[in-house]
Amino acid sequence: MNIKSTTYMQSSEFKERQGSFAFFCAQAFEYLVNFKNEALKGWINVFRSPVGRFENITLALPFAAPLKHSAWMRMAKQLELNLAHAG
């Protein structure tokens, strides 16, 4: 079946499919528009509210002398406390 054929486009099968196609497309379009609006509201809340933001914390890496495991653990604990205090 050649779907670009003029005789096919004039047939009853093509006209029946076009009638149901418009109905399904309208539902899909409505669903997509509602989804887009809902997602947009969510993104606006994420990027405009101060709750979704966080402070960038970088630790100074000591290249002069290697750190022992206990020193790394102290730094990790301090970072954990800073994050808990910020949130």
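Chemist: I keep staring at the overall build of the protein chain and nothing clicks. Help me out?
Modeler: Helix and strand counts for the protein chain come out as three helices and zero strands. Reading the helices (α) and strands (β) of the protein chain from amino to carboxyl end gives α-α-α. Every one of the 87 residues in the protein chain was classed for burial, and the buried ones make up 3%. Of the roughly 8400 Å² that the protein chain leaves accessible, carbon and sulfur atoms contribute 64%.

Chemist: Help me understand a nonpolar patch on the surface in this model?
Modeler: Nonpolar side chains collect at one region of the surface, where Tyr31, Leu32 and Phe35 lie side by side and expose about 380 Å² of accessible area between them. Checked against the element boundaries, Phe35 lands in helix H2 (residues 12–48).

Thresholds, definitions, all that
- Residues numbered from 1 in each chain as written.
- Predicted model: local features only at pLDDT ≥ 70, side-chain atom pairs only at ≥ 80, totals over all residues.
- Heavy atoms only, no water.
- Helix = DSSP H or I, 4+ residues; strand = E, 2+ residues; numbered from the N terminus.
- Buried < 20%, exposed > 50% of the residue type's maximum accessible area, 1.4 Å probe, protein only.
- Areas by Shrake-Rupley, 256 points an atom, 1.4 Å probe, with all protein chains shown as cover.
- Patch = residues over 30% accessible without salt bridge, like charges linked within 9 Å, V, L, I, M, F, W, Y side chains within 5 Å.
- Salt bridge = Lys/Arg side-chain N within 4 Å of Asp/Glu carboxyl O.

All we've got here are geometric facts, nothing functional implied.
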